[in-house]
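Here are the chains, one letter per residue:
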Amino acid sequence: MSSRRHGPPCTIVIKLGSSSIVHETTHQPLLSTLSSVVETVVNLRSQGHKVVLVSSGAIAVGLKRMELPSRPKNLSGKQALAAIGQGRLIALWDNLFGQLGQPIAQVLLTRGDISDRTRYLNAVNTFKELLSMGVVPIVNENDTVSVSEIKFGDNDTLSAITSSMIHADYLFLLTDVDGLYTSNPRKDPDAKLLEVVDSISAIRSQVSTTTLGSSLGTGGMETKIIAAEIATAAGVSTVILSSRKPENISNIIHYYDRGSPKTPQDDLSSHSKPSSRPDSANPSRSSSPTPLIRPPHTVFTASPFPMRDLKSWTTHTLFPSGSVIIDAGAHHVLSRRESGGRLLAAGVTGIIGAFASGQAVRIVIRRRPDGTPSEAADMEAAYTKGLEGTRPTTPHALSRSSSAAGLADALKISSVEEDSVLTMDDVVEVGRGLANYNSAQILRVKGLNSSHLPQVLGYADSEYVVENISIRVPP
(Lines give C-alpha, C1' and ligand atoms only; values in the text may rest on other atoms or scores of the structure.)
Protein backbone atom coordinates (compact mmCIF):
# COMPACT_ATOMS: atom_id res chain seq x y z
CA MET A 1 0.00 0.00 0.00
CA SER A 2 1.26 3.43 -0.87
CA SER A 3 2.50 5.58 1.98
CA ARG A 4 1.87 8.81 0.10
CA ARG A 5 -0.16 11.28 2.11
CA HIS A 6 -3.54 11.86 0.47
CA GLY A 7 -4.93 14.55 2.74
CA PRO A 8 -4.41 16.54 5.92
CA PRO A 9 -2.92 14.59 8.84
CA CYS A 10 -5.45 13.26 11.32
CA THR A 11 -5.45 11.95 14.86
CA ILE A 12 -6.83 8.42 14.78
CA VAL A 13 -7.89 5.96 17.48
CA ILE A 14 -8.18 2.29 16.49
CA LYS A 15 -9.89 -0.18 18.82
CA LEU A 16 -9.27 -3.90 18.48
CA GLY A 17 -11.40 -6.36 20.46
CA SER A 18 -10.41 -9.66 22.04
CA SER A 19 -12.06 -11.73 19.29
CA SER A 20 -9.82 -9.98 16.75
CA ILE A 21 -6.66 -10.63 18.77
CA VAL A 22 -6.99 -14.27 19.82
CA HIS A 23 -8.95 -17.24 18.49
CA GLU A 24 -12.23 -17.71 20.33
CA THR A 25 -11.71 -21.40 21.12
CA THR A 26 -7.96 -22.09 20.95
CA HIS A 27 -6.95 -18.70 22.40
CA GLN A 28 -3.99 -18.61 20.00
CA PRO A 29 -2.98 -15.09 18.87
CA LEU A 30 -4.34 -14.24 15.42
CA LEU A 31 -0.96 -13.23 14.06
CA SER A 32 -2.18 -12.54 10.53
CA THR A 33 -4.75 -10.02 11.80
CA LEU A 34 -2.33 -8.44 14.26
CA SER A 35 0.35 -8.15 11.58
CA SER A 36 -2.11 -6.45 9.25
CA VAL A 37 -3.09 -4.00 11.98
CA VAL A 38 0.57 -3.21 12.65
CA GLU A 39 1.26 -2.64 8.95
CA THR A 40 -1.81 -0.40 8.73
CA VAL A 41 -0.76 1.67 11.75
CA VAL A 42 2.79 2.08 10.45
CA ASN A 43 1.43 3.06 7.04
CA LEU A 44 -0.83 5.67 8.65
CA ARG A 45 2.14 7.01 10.61
CA SER A 46 4.14 7.32 7.36
CA GLN A 47 1.32 9.48 5.96
CA GLY A 48 1.69 11.90 8.87
CA HIS A 49 -1.25 10.67 10.93
CA LYS A 50 -1.07 10.26 14.70
CA VAL A 51 -2.38 6.89 15.86
CA VAL A 52 -3.51 5.47 19.21
CA LEU A 53 -4.31 1.77 19.48
CA VAL A 54 -6.81 0.54 22.09
CA SER A 55 -6.19 -3.16 22.55
CA SER A 56 -8.29 -5.67 24.45
CA GLY A 57 -7.10 -9.22 24.99
CA ALA A 58 -5.17 -9.34 28.28
CA ILE A 59 -7.56 -11.83 29.87
CA ALA A 60 -7.77 -13.87 26.65
CA VAL A 61 -3.97 -14.09 26.44
CA GLY A 62 -3.90 -15.06 30.13
CA LEU A 63 -6.33 -17.89 29.38
CA LYS A 64 -3.88 -19.33 26.85
CA ARG A 65 -0.93 -19.01 29.19
CA MET A 66 -2.75 -20.87 31.96
CA GLU A 67 -4.43 -23.33 29.55
CA LEU A 68 -7.91 -22.48 30.85
CA PRO A 69 -10.95 -23.18 28.64
CA SER A 70 -13.03 -20.09 29.46
CA ARG A 71 -13.15 -16.81 31.37
CA PRO A 72 -13.64 -17.25 35.14
CA LYS A 73 -16.85 -15.94 36.66
CA ASN A 74 -15.37 -14.26 39.72
CA LEU A 75 -13.74 -10.82 39.62
CA SER A 76 -10.49 -11.88 41.29
CA GLY A 77 -10.02 -14.65 38.71
CA LYS A 78 -10.43 -12.19 35.84
CA GLN A 79 -8.04 -9.73 37.48
CA ALA A 80 -5.43 -12.46 37.97
CA LEU A 81 -5.67 -13.52 34.31
CA ALA A 82 -5.40 -9.88 33.24
CA ALA A 83 -2.19 -9.55 35.26
CA ILE A 84 -0.83 -12.70 33.61
CA GLY A 85 -1.86 -11.75 30.11
CA GLN A 86 -1.13 -8.00 29.96
CA GLY A 87 2.65 -8.39 29.97
CA ARG A 88 2.54 -11.05 27.25
CA LEU A 89 0.08 -8.94 25.22
CA ILE A 90 2.24 -5.80 25.23
CA ALA A 91 5.32 -7.93 24.47
CA LEU A 92 3.50 -9.34 21.43
CA TRP A 93 2.64 -5.84 20.19
CA ASP A 94 6.17 -4.60 20.87
CA ASN A 95 7.64 -7.50 18.90
CA LEU A 96 5.36 -6.92 15.90
CA PHE A 97 5.83 -3.14 15.83
CA GLY A 98 9.55 -3.57 16.47
CA GLN A 99 9.89 -5.51 13.22
CA LEU A 100 8.98 -2.28 11.41
CA GLY A 101 10.93 0.03 13.71
CA GLN A 102 7.86 1.62 15.28
CA PRO A 103 8.18 2.49 19.01
CA ILE A 104 5.14 1.90 21.22
CA ALA A 105 4.09 2.81 24.76
CA GLN A 106 1.79 1.02 27.18
CA VAL A 107 -0.98 3.11 28.78
CA LEU A 108 -3.19 1.37 31.37
CA LEU A 109 -6.18 3.33 32.62
CA THR A 110 -9.18 3.00 34.91
CA ARG A 111 -12.04 5.42 35.25
CA GLY A 112 -10.65 6.26 38.68
CA ASP A 113 -7.38 7.38 37.10
CA ILE A 114 -9.10 10.15 35.16
CA SER A 115 -11.97 10.99 37.50
CA ASP A 116 -9.70 13.57 39.11
CA ARG A 117 -9.42 16.58 36.83
CA THR A 118 -5.67 17.03 37.44
CA ARG A 119 -4.91 13.38 36.71
CA TYR A 120 -7.14 13.54 33.64
CA LEU A 121 -5.20 16.51 32.27
CA ASN A 122 -1.92 14.74 33.06
CA ALA A 123 -3.11 11.75 31.02
CA VAL A 124 -4.04 14.07 28.15
CA ASN A 125 -0.60 15.69 28.27
CA THR A 126 1.07 12.28 28.28
CA PHE A 127 -0.87 11.23 25.19
CA LYS A 128 0.07 14.47 23.42
CA GLU A 129 3.74 14.06 24.29
CA LEU A 130 3.84 10.44 23.11
CA LEU A 131 2.15 11.33 19.83
CA SER A 132 4.51 14.26 19.25
CA MET A 133 7.44 11.86 19.76
CA GLY A 134 6.12 9.59 17.01
CA VAL A 135 5.17 6.84 19.47
CA VAL A 136 2.04 4.69 19.13
CA PRO A 137 0.35 4.50 22.57
CA ILE A 138 -1.33 1.14 23.18
CA VAL A 139 -4.16 1.62 25.64
CA ASN A 140 -5.98 -0.96 27.74
CA GLU A 141 -8.06 -0.89 30.88
CA ASN A 142 -6.07 -1.79 33.97
CA ASP A 143 -8.26 -4.79 34.78
CA THR A 144 -5.94 -5.97 37.56
CA VAL A 145 -7.03 -3.14 39.87
CA SER A 146 -10.39 -2.16 38.36
CA VAL A 147 -13.59 -2.75 40.28
CA SER A 148 -17.13 -2.22 39.06
CA GLU A 149 -17.32 1.35 40.38
CA ILE A 150 -14.27 2.50 38.40
CA LYS A 151 -14.43 0.28 35.33
CA PHE A 152 -15.10 1.72 31.90
CA GLY A 153 -17.16 -1.41 31.32
CA ASP A 154 -15.56 -2.40 28.02
CA ASN A 155 -12.84 -1.17 25.72
CA ASP A 156 -15.33 0.26 23.23
CA THR A 157 -16.18 2.86 25.87
CA LEU A 158 -12.51 3.28 26.75
CA SER A 159 -11.65 3.94 23.10
CA ALA A 160 -14.43 6.54 22.84
CA ILE A 161 -13.23 8.36 25.97
CA THR A 162 -9.64 8.19 24.71
CA SER A 163 -10.66 9.70 21.38
CA SER A 164 -12.46 12.47 23.25
CA MET A 165 -9.41 13.12 25.47
CA ILE A 166 -7.05 13.64 22.53
CA HIS A 167 -9.63 15.34 20.28
CA ALA A 168 -9.27 12.67 17.61
CA ASP A 169 -10.64 13.06 14.10
CA TYR A 170 -11.59 9.40 13.73
CA LEU A 171 -12.41 6.45 15.97
CA PHE A 172 -12.25 3.09 14.17
CA LEU A 173 -13.95 0.18 15.93
CA LEU A 174 -12.71 -3.08 14.42
CA THR A 175 -15.10 -5.99 14.78
CA ASP A 176 -16.04 -9.27 13.09
CA VAL A 177 -18.60 -7.74 10.70
CA ASP A 178 -18.40 -5.01 8.06
CA GLY A 179 -20.46 -2.50 10.01
CA LEU A 180 -23.82 -1.95 11.69
CA TYR A 181 -26.59 -4.11 10.24
CA THR A 182 -30.35 -3.97 10.70
CA SER A 183 -30.12 -7.49 12.18
CA ASN A 184 -27.54 -10.22 12.75
CA PRO A 185 -26.04 -10.89 9.27
CA ARG A 186 -24.94 -14.36 10.40
CA LYS A 187 -28.54 -15.45 10.87
CA ASP A 188 -30.61 -13.11 8.72
CA PRO A 189 -29.84 -13.13 4.97
CA ASP A 190 -31.96 -10.00 4.57
CA ALA A 191 -29.86 -7.98 7.01
CA LYS A 192 -28.84 -4.65 5.49
CA LEU A 193 -25.67 -2.70 6.15
CA LEU A 194 -26.31 0.85 7.36
CA GLU A 195 -23.68 2.98 5.70
CA VAL A 196 -24.30 6.27 7.50
CA VAL A 197 -25.82 7.02 10.90
CA ASP A 198 -26.40 10.67 11.72
CA SER A 199 -28.87 10.10 14.58
CA ILE A 200 -28.04 7.36 17.04
CA SER A 201 -31.30 7.75 18.97
CA ALA A 202 -33.26 7.28 15.74
CA ILE A 203 -31.27 4.24 14.63
CA ARG A 204 -31.76 2.26 17.84
CA SER A 205 -35.30 1.30 16.88
CA GLN A 206 -34.16 0.07 13.47
CA VAL A 207 -31.39 -2.34 14.46
CA SER A 208 -30.99 -5.46 16.57
CA THR A 209 -27.77 -5.51 18.59
CA THR A 210 -28.33 -8.26 21.15
CA THR A 211 -27.04 -11.21 19.12
CA LEU A 212 -23.52 -10.06 18.32
CA GLY A 213 -20.37 -10.46 20.38
CA SER A 214 -17.98 -13.24 21.38
CA SER A 215 -17.36 -15.30 24.50
CA LEU A 216 -13.97 -13.64 24.96
CA GLY A 217 -15.09 -10.03 25.00
CA THR A 218 -17.38 -7.98 27.20
CA GLY A 219 -18.99 -5.98 24.43
CA GLY A 220 -20.93 -6.48 21.23
CA MET A 221 -22.63 -4.15 18.79
CA GLU A 222 -24.60 -2.39 21.52
CA THR A 223 -21.40 -1.25 23.25
CA LYS A 224 -20.11 0.04 19.92
CA ILE A 225 -23.23 2.16 19.49
CA ILE A 226 -22.71 3.54 23.00
CA ALA A 227 -19.08 4.26 22.14
CA ALA A 228 -20.17 6.00 18.94
CA GLU A 229 -22.59 8.12 20.98
CA ILE A 230 -19.81 9.24 23.32
CA ALA A 231 -17.28 9.90 20.55
CA THR A 232 -19.59 11.69 18.12
CA ALA A 233 -20.82 13.97 20.92
CA ALA A 234 -17.18 15.00 21.34
CA GLY A 235 -16.84 15.72 17.61
CA VAL A 236 -15.16 12.45 16.61
CA SER A 237 -16.33 10.64 13.47
CA THR A 238 -16.78 6.99 14.41
CA VAL A 239 -16.44 4.06 12.00
CA ILE A 240 -17.33 0.39 12.46
CA LEU A 241 -15.53 -1.96 10.06
CA SER A 242 -14.23 -5.50 9.79
CA SER A 243 -11.00 -6.47 11.52
CA ARG A 244 -10.32 -8.91 8.68
CA LYS A 245 -9.32 -5.98 6.48
CA PRO A 246 -7.70 -3.35 8.71
CA GLU A 247 -6.06 -1.83 5.63
CA ASN A 248 -9.50 -0.39 4.85
CA ILE A 249 -8.81 2.22 7.55
CA SER A 250 -6.40 3.95 5.16
CA ASN A 251 -8.87 3.49 2.31
CA ILE A 252 -11.70 5.04 4.30
CA ILE A 253 -9.63 8.08 5.25
CA HIS A 254 -8.52 8.36 1.63
CA TYR A 255 -12.15 8.03 0.52
CA TYR A 256 -13.23 11.06 2.52
CA ASP A 257 -10.09 13.06 1.77
CA ARG A 258 -10.33 12.58 -2.00
CA GLY A 259 -14.02 13.37 -1.93
CA SER A 260 -13.00 16.90 -0.80
CA PRO A 261 -14.41 16.89 2.74
CA LYS A 262 -12.04 15.91 5.51
CA THR A 263 -14.65 14.32 7.70
CA PRO A 264 -17.79 12.29 7.02
CA GLN A 265 -20.19 14.90 8.39
CA ASP A 266 -18.87 17.39 5.84
CA ASP A 267 -19.52 14.82 3.15
CA LEU A 268 -23.12 14.56 4.30
CA SER A 269 -23.79 18.27 4.53
CA SER A 270 -24.33 18.66 0.80
CA HIS A 271 -26.46 15.53 0.27
CA SER A 272 -30.07 14.93 1.19
CA LYS A 273 -29.74 11.14 1.47
CA PRO A 274 -27.14 10.08 4.05
CA SER A 275 -26.42 6.67 2.54
CA SER A 276 -25.79 7.98 -0.98
CA ARG A 277 -22.44 9.36 -2.13
CA PRO A 278 -23.02 11.35 -5.32
CA ASP A 279 -19.50 12.77 -5.30
CA SER A 280 -18.06 9.28 -5.16
CA ALA A 281 -20.29 7.87 -7.88
CA ASN A 282 -19.85 10.85 -10.20
CA PRO A 283 -16.16 11.65 -10.82
CA SER A 284 -17.02 14.95 -12.48
CA ARG A 285 -18.25 16.24 -9.11
CA SER A 286 -15.15 15.07 -7.24
CA SER A 287 -11.62 16.37 -7.18
CA SER A 288 -10.28 12.85 -7.84
CA PRO A 289 -9.57 11.74 -11.42
CA THR A 290 -11.14 8.29 -10.95
CA PRO A 291 -14.38 7.12 -9.29
CA LEU A 292 -14.00 6.37 -5.61
CA ILE A 293 -14.94 2.93 -4.27
CA ARG A 294 -16.50 3.09 -0.82
CA PRO A 295 -14.93 0.49 1.49
CA PRO A 296 -17.55 -1.45 3.50
CA HIS A 297 -18.16 0.34 6.79
CA THR A 298 -20.69 2.22 8.89
CA VAL A 299 -19.87 5.81 9.78
CA PHE A 300 -21.47 7.69 12.67
CA THR A 301 -21.21 11.37 11.83
CA ALA A 302 -19.70 13.66 14.44
CA SER A 303 -21.83 16.28 16.12
CA PRO A 304 -21.56 19.71 14.47
CA PHE A 305 -21.60 21.16 18.01
CA PRO A 306 -19.16 18.99 19.99
CA MET A 307 -19.10 19.07 23.79
CA ARG A 308 -16.49 21.22 25.47
CA ASP A 309 -13.72 19.19 27.08
CA LEU A 310 -14.95 19.87 30.61
CA LYS A 311 -18.50 18.78 29.79
CA SER A 312 -17.25 15.64 28.08
CA TRP A 313 -15.08 14.84 31.09
CA THR A 314 -17.98 15.40 33.49
CA THR A 315 -20.40 13.31 31.47
CA HIS A 316 -18.31 10.30 30.53
CA THR A 317 -15.41 9.90 32.97
CA LEU A 318 -16.84 10.83 36.38
CA PHE A 319 -18.89 8.43 38.49
CA PRO A 320 -21.88 10.46 39.77
CA SER A 321 -22.18 10.67 43.53
CA GLY A 322 -25.85 11.60 43.69
CA SER A 323 -28.76 13.03 41.74
CA VAL A 324 -30.45 16.41 41.42
CA ILE A 325 -34.14 16.30 40.52
CA ILE A 326 -35.28 19.09 38.22
CA ASP A 327 -38.68 20.10 36.92
CA ALA A 328 -39.87 19.97 33.33
CA GLY A 329 -39.25 23.67 32.76
CA ALA A 330 -35.58 23.45 33.73
CA HIS A 331 -35.22 20.32 31.58
CA HIS A 332 -36.53 22.20 28.53
CA VAL A 333 -34.25 25.18 29.11
CA LEU A 334 -31.12 23.10 29.81
CA SER A 335 -31.65 21.13 26.60
CA ARG A 336 -30.97 24.33 24.65
CA ARG A 337 -27.39 25.09 23.72
CA GLU A 338 -27.71 28.73 24.75
CA SER A 339 -28.49 27.74 28.36
CA GLY A 340 -24.77 27.22 28.94
CA GLY A 341 -25.48 24.05 30.92
CA ARG A 342 -26.17 25.94 34.17
CA LEU A 343 -28.95 25.06 36.60
CA LEU A 344 -30.65 27.56 38.91
CA ALA A 345 -32.02 26.58 42.29
CA ALA A 346 -35.48 27.55 41.02
CA GLY A 347 -35.51 24.50 38.76
CA VAL A 348 -34.60 22.02 41.50
CA THR A 349 -37.32 19.95 43.18
CA GLY A 350 -35.19 17.58 45.24
CA ILE A 351 -32.06 15.46 45.56
CA ILE A 352 -31.28 11.75 45.82
CA GLY A 353 -28.22 10.62 47.75
CA ALA A 354 -25.45 12.68 49.29
CA PHE A 355 -22.67 14.49 47.47
CA ALA A 356 -20.11 17.21 48.06
CA SER A 357 -19.50 20.44 46.21
CA GLY A 358 -17.46 19.79 43.07
CA GLN A 359 -18.64 16.21 42.61
CA ALA A 360 -20.44 14.90 39.53
CA VAL A 361 -24.20 14.45 39.83
CA ARG A 362 -26.95 13.00 37.70
CA ILE A 363 -29.59 15.38 36.44
CA VAL A 364 -32.92 13.55 36.67
CA ILE A 365 -36.62 14.22 36.18
CA ARG A 366 -39.56 12.50 37.84
CA ARG A 367 -41.49 9.91 35.91
CA ARG A 368 -44.75 11.76 35.22
CA PRO A 369 -46.90 9.73 32.83
CA ASP A 370 -49.82 12.11 33.40
CA GLY A 371 -47.80 15.28 32.73
CA THR A 372 -49.21 17.62 30.08
CA PRO A 373 -47.37 19.80 27.53
CA SER A 374 -49.04 22.93 28.87
CA GLU A 375 -47.73 22.24 32.37
CA ALA A 376 -44.20 21.86 30.99
CA ALA A 377 -44.60 25.09 29.02
CA ASP A 378 -45.69 26.98 32.15
CA MET A 379 -42.72 25.61 34.10
CA GLU A 380 -40.37 26.55 31.30
CA ALA A 381 -41.69 30.10 31.26
CA ALA A 382 -41.25 30.41 35.02
CA TYR A 383 -37.70 29.03 34.92
CA THR A 384 -36.77 31.29 31.99
CA LYS A 385 -38.04 34.29 33.94
CA GLY A 386 -35.70 33.30 36.77
CA LEU A 387 -32.80 33.19 34.31
CA GLU A 388 -33.42 36.78 33.31
CA GLY A 389 -32.58 37.95 36.81
CA THR A 390 -29.16 36.36 36.89
CA ARG A 391 -25.83 37.10 35.33
CA PRO A 392 -23.72 34.07 34.36
CA THR A 393 -20.67 33.33 36.51
CA THR A 394 -21.30 36.35 38.74
CA PRO A 395 -21.93 35.43 42.41
CA HIS A 396 -24.74 37.22 44.22
CA ALA A 397 -23.77 39.50 47.04
CA LEU A 398 -25.83 39.48 50.22
CA SER A 399 -28.75 41.75 49.45
CA ARG A 400 -29.76 43.88 52.44
CA SER A 401 -32.77 45.19 50.56
CA SER A 402 -34.28 41.74 50.27
CA SER A 403 -37.27 41.51 52.52
CA ALA A 404 -37.37 38.86 55.21
CA ALA A 405 -41.03 38.39 54.47
CA GLY A 406 -40.30 37.66 50.80
CA LEU A 407 -37.76 35.03 51.76
CA ALA A 408 -40.16 33.49 54.28
CA ASP A 409 -42.83 33.26 51.60
CA ALA A 410 -40.40 31.65 49.18
CA LEU A 411 -39.30 29.10 51.78
CA LYS A 412 -42.92 28.34 52.60
CA ILE A 413 -43.73 27.70 48.93
CA SER A 414 -40.63 25.55 48.57
CA SER A 415 -41.66 23.49 51.59
CA VAL A 416 -45.18 22.95 50.24
CA GLU A 417 -43.80 21.79 46.88
CA GLU A 418 -41.23 19.46 48.49
CA ASP A 419 -41.01 16.06 46.86
CA SER A 420 -41.61 12.94 48.88
CA VAL A 421 -38.64 10.64 49.34
CA LEU A 422 -37.72 9.34 45.88
CA THR A 423 -35.43 6.61 44.63
CA MET A 424 -33.76 6.10 41.26
CA ASP A 425 -36.75 3.94 40.28
CA ASP A 426 -38.93 7.05 40.43
CA VAL A 427 -36.78 9.18 38.13
CA VAL A 428 -35.14 9.18 34.69
CA GLU A 429 -31.58 10.37 34.15
CA VAL A 430 -31.41 13.05 31.45
CA GLY A 431 -27.88 14.41 31.93
CA ARG A 432 -24.94 15.02 34.24
CA GLY A 433 -23.11 18.00 35.67
CA LEU A 434 -20.83 19.30 38.43
CA ALA A 435 -22.39 20.46 41.71
CA ASN A 436 -21.44 23.91 42.99
CA TYR A 437 -22.97 23.16 46.41
CA ASN A 438 -23.34 20.01 48.47
CA SER A 439 -26.54 18.00 48.62
CA ALA A 440 -27.74 19.47 51.93
CA GLN A 441 -27.26 23.03 50.66
CA ILE A 442 -29.05 22.37 47.38
CA LEU A 443 -31.93 20.81 49.32
CA ARG A 444 -32.20 24.00 51.42
CA VAL A 445 -32.38 26.32 48.41
CA LYS A 446 -34.39 24.16 46.00
CA GLY A 447 -37.13 26.09 44.25
CA LEU A 448 -35.81 29.46 45.42
CA ASN A 449 -34.81 32.46 43.38
CA SER A 450 -31.04 32.82 43.20
CA SER A 451 -31.21 36.17 45.02
CA HIS A 452 -32.14 34.27 48.22
CA LEU A 453 -29.04 32.00 48.21
CA PRO A 454 -26.84 34.33 50.35
CA GLN A 455 -29.57 34.66 52.97
CA VAL A 456 -30.27 30.94 53.22
CA LEU A 457 -26.68 29.66 52.98
CA GLY A 458 -24.78 32.65 54.35
CA TYR A 459 -22.80 32.93 51.14
CA ALA A 460 -23.22 32.38 47.38
CA ASP A 461 -20.17 31.44 45.33
CA SER A 462 -22.42 31.08 42.31
CA GLU A 463 -26.08 31.60 41.51
CA TYR A 464 -26.03 28.22 39.75
CA VAL A 465 -26.33 25.09 41.87
CA VAL A 466 -25.02 22.80 39.10
CA GLU A 467 -22.85 23.72 36.09
CA ASN A 468 -21.25 22.08 33.06
CA ILE A 469 -24.45 20.14 32.47
CA SER A 470 -24.84 18.08 29.34
CA ILE A 471 -28.40 16.97 28.57
CA ARG A 472 -28.36 13.60 26.82
CA VAL A 473 -32.12 12.93 26.86
CA PRO A 474 -34.08 15.83 25.31
CA PRO A 475 -37.57 16.71 26.57
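Residues numbered from 1 in each chain as written. Predicted model: local features only at pLDDT ≥ 70, side-chain atom pairs only at ≥ 80, totals over all residues. Heavy atoms only, no water.

Of the regular secondary structure elements, the protein chain holds 18 helices and 16 strands. Scored against the burial criterion, the 475 residues of the protein chain give a buried share of 51%. Across the protein chain, the fraction of contacts at a sequence separation of at least 24, relative to all contacts at a separation of at least 6, is 80%. On the protein chain, roughly 21200 Å² of surface is accessible, and the fraction owed to carbon and sulfur atoms is 52%. (Helix = DSSP H or I, 4+ residues; strand = E, 2+ residues; numbered from the N terminus. Buried < 20%, exposed > 50% of the residue type's maximum accessible area, 1.4 Å probe, protein only. Contact = heavy atoms within 4.5 Å. Areas by Shrake-Rupley, 256 points an atom, 1.4 Å probe, with all protein chains shown as cover.)

All right, on to the sheet that holds strand 16 (residues 464–471) then. Within the open sheet, the six strands sit side by side as 12-16-15-14-11-13. Their pairing is mixed. A single partner strand is all that each edge strand has here, and the edge strands are strand 12 (343–344) and strand 13 (348–352). As defined by bridge partners, strand 15 (residues 427–435) adjoins strand 16 across four bridges and the pair is classed as antiparallel. Following the sheet pairing, Gly-431 is matched in strand 16 by Ile-471. (Pairing = 2+ DSSP bridges.)

Once that is clear, we can look at the sheet that holds strand 4 (residues 136–141). The eight strands are arranged 3-4-2-1-5-9-10-8 in an open sheet whose pairing can be described as mixed. Each having just a single partner strand, strand 3 (104–109) and strand 8 (196–197) make up the two edges of the open sheet. Direction of pairing for strand 1 (residues 11–16) relative to strand 2 (residues 50–55): parallel, over a ladder of six bridges. Paired with Leu-16 across the strands is Ser-55, a residue of strand 2. Across the face of the sheet, helix 4 (residues 75–98) comes into contact with strand 1, strand 2, strand 3 and strand 4 while running at roughly 155° to strand 3. (Axes fitted to C-alpha atoms, helices over the stretch in contact; angles between N-to-C directions.)

Together, Met-66, Leu-68 and Ile-84 line one region of the surface with nonpolar side chains, adding up to about 230 Å² of accessible area. Checked against the element boundaries, Met-66 lands in helix 3 (residues 58–66). (Patch = residues over 30% accessible without salt bridge, like charges linked within 9 Å, V, L, I, M, F, W, Y side chains within 5 Å. Salt bridge = Lys/Arg side-chain N within 4 Å of Asp/Glu carboxyl O.)

Buried within helix 3 we find Ala-58, Ile-59, Ala-60, Val-61, Gly-62 and Leu-63. The secondary structure elements touched by the buried residues of helix 3 are helix 4 and strand 4. Where helix 3 ends, the next residue or the one after it, Glu-67, has phi of about 55°, a positive value.

Burial within helix 7 (residues 155–165) is extensive, with eleven of its eleven residues counted as buried. Of all the residues in helix 7, the buried ones are Asn-155, Asp-156, Thr-157, Leu-158, Ser-159, Ala-160, Ile-161, Thr-162, Ser-163, Ser-164 and Met-165. Of the residues trailing helix 7, His-167 is marked for its positive phi of about 55°.

Now for the pairing of strand 15. For strand 15, the buried fraction is high: seven of the nine residues fall into the buried class. Taken together, the seven bridges between strand 14 (residues 360–366) and strand 15 define a ladder with antiparallel strand orientation. Considered in strand 15, the bridge of Arg-366 is made with Val-427.

Within the structure shown, the criterion is met by four aromatic pairs. Between Tyr-170 and Phe-172, the ring centres sit 5.5 Å apart and the planes meet at 25°, which makes this aromatic pair stacked. In this pair, the class of Tyr-170 matches that of Phe-172, namely buried. Across the ring face of Tyr-464, the terminal group of Arg-342 is positioned such that the distance to the ring centre comes to 5.7 Å. (Phe/Tyr/Trp six-rings, centres within 6.5 Å; stacked < 30°, edge-to-face > 60°. Lys NZ or Arg CZ within 6 Å of the ring centre and 35° of its normal.)

What follows deals with the packing of helix 2 (residues 31–46) against helix 4. Across the interface, helix 2 lies against helix 4 with an axial gap of 10 Å and an inter-helix angle of 55°. With respect to their mutual orientation, helix 2 and helix 4 come out oblique. In terms of crossing hand, the pair formed by helix 2 and helix 4 is right-handed. Where helix 2 approaches helix 4, its residues Leu-31, Leu-34, Ser-35, Val-37, Val-38, Val-41 and Val-42 are matched on the opposing element by Leu-92, Trp-93, Leu-96 and Phe-97. Tallied by class, residues from the contact of helix 2 with helix 4 come to ten nonpolar, one polar and no charged. (Parallel < 35°, antiparallel > 145°, perpendicular 65-115°, else oblique. Left-handed = near helix turned anticlockwise from the far one by under 90°. Nonpolar A, V, L, I, M, F, W, Y, C, P; charged D, E, K, R; others polar.)

Position of Arg-472 among the secondary structure elements: in the segment after strand 16. Since its relative accessible area comes to 39%, Arg-472 is described here as partly exposed. Taking the C-alpha atoms as reference, Arg-472 lies 9.6 Å from Ala-233; in sequence the two are 239 residues apart.

Phe-127, Val-139, Met-165, Ile-166 and Leu-180 are the most contacted members of the largest nonpolar core, which totals 41 residues. For this core, the elements supplying multiple residues, two or more each, are strand 2, strand 3, helix 6 (117–132), helix 7, strand 5 (170–175), strand 6 (180–181), helix 8 (200–203) and helix 9 (221–233). Leaving out residues up to four positions away in the same chain, Val-139 has contacts with Val-52, Leu-53, Val-54, Ser-55, Val-107, Leu-109, Phe-127, Leu-158 and Thr-162. (Core = buried A, V, L, I, M, F, W, Y, C linked by side-chain atoms within 4.5 Å.)

Our focus in this paragraph is the confidence of the model for the protein chain. Here the protein chain shows a mean pLDDT of 79. Residues at 70 or above account for 75%. This stretch, residues 371–375, has a pLDDT under 50; its non-local contacts, to residues over four places away or in other chains, come to zero contacts. Below pLDDT 50 for its whole length, residues 412–419 participates in nine contacts with residues either more than four positions away or in separate chains. (pLDDT = per-residue confidence, 0-100.)

A word on the pairing of strand 4. With six of six residues buried, strand 4 is to be regarded as a mostly interior element. The alternating pattern of strand 4 places Val-136, Ile-138 and Asn-140 and Pro-137, Val-139 and Glu-141 on opposite faces, both of which are buried. Judged from the two bridges that link them, strand 2 and strand 4 form a sheet pairing that is parallel. Looking at the pairing, Leu-53 lines up with Ile-138 of strand 4. The pairing of strand 3 with strand 4 spans six bridges and is classified as parallel. Within the sheet, the bridge partner assigned to Leu-108 lies in strand 4 and is Asn-140.

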